[in-house]
Amino acid sequence: MQTLKDVKIGNKVKVVKLNGGGAVKRRIMDMGITKGVEVHIRKVAPLGDPIEITVRGYELSLRKADAEMIEVE
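So, here's what we can say about the structure. It should be emphasised that the depicted structure is a prediction, and the values quoted were computed from it without experimental measurement.

## Some thoughts on unusual backbone geometry
Inference 1: Backbone geometry at Arg 56 places phi at a positive 55 degrees, although glycine is not the residue there.
Inference 2: Relative to the elements of secondary structure, Arg 56 occurs in the loop between β4 (51-55) and β5 (58-62).

Structural data, given as structure tokens:
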């Protein structure tokens, strides 16, 4: 399964599953990233961390470690 970290700039994907647990998963869900939501990859920093995305109409920056926990299609 592809993770959000692997998606190329400019692509839109749909969240399939959130891995991880506890406070980290809760924080990702609180940011609006839930199963079924569409995510657009806007930018990736020069060293690959963080990743800037658009989700539910607002811009959000995610660490690479957090993006690895989000499975997409």
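Structure shown, so let's carry the discussion forward.
## Details of the side chain of Thr 3
Inference 1: Following the sequence through the fold, Thr 3 ends up in strand β1 (residues 2-3).
Inference 2: We classify Thr 3 as buried; its relative accessible area is 14%.
Inference 3: Separated by 3.0 Å, the side chains of Thr 3 and Asp 6 make a polar contact.
Inference 4: Aside from chain neighbours lying at most four places away, what touches Thr 3 is Ala 67, Glu 68, Ile 70, Glu 71 and Val 72.

## What to know about the pattern of salt bridges
Inference 1: Overall, the coordinates contain 6 salt bridges when judged by the stated rule.
Inference 2: Across the pair Lys 5 and Glu 68 runs a salt bridge whose closest N-O atoms are separated by 3.3 Å. With Lys 5 in the loop between β1 and β2 (12-18) and Glu 68 in the loop between α2 (64-67) and β6 (70-72), the pair connects residues that are 63 residues apart, well separated along the chain.
Inference 3: Since its relative accessible area comes to 34%, Lys 5 is described here as partly exposed.
Inference 4: Residue class for Glu 68 comes out partly exposed when judged on its relative accessible area of 42%.
Inference 5: When salt bridges that share partners are traced, they join Arg 27, Arg 63 and Asp 66 into one network.

Reading the values: rules and limits
- Residues numbered from 1 in each chain as written.
- Predicted model: local features only at pLDDT ≥ 70, side-chain atom pairs only at ≥ 80, totals over all residues.
- Heavy atoms only, no water.
- Helix = DSSP H or I, 4+ residues; strand = E, 2+ residues; numbered from the N terminus.
- Buried < 20%, exposed > 50% of the residue type's maximum accessible area, 1.4 Å probe, protein only.
- Polar contact = N/O pair within 3.5 Å; in protein donor to acceptor, adjacent residues only side chain to side chain.
- Contact = heavy atoms within 4.5 Å.
- Salt bridge = Lys/Arg side-chain N within 4 Å of Asp/Glu carboxyl O.

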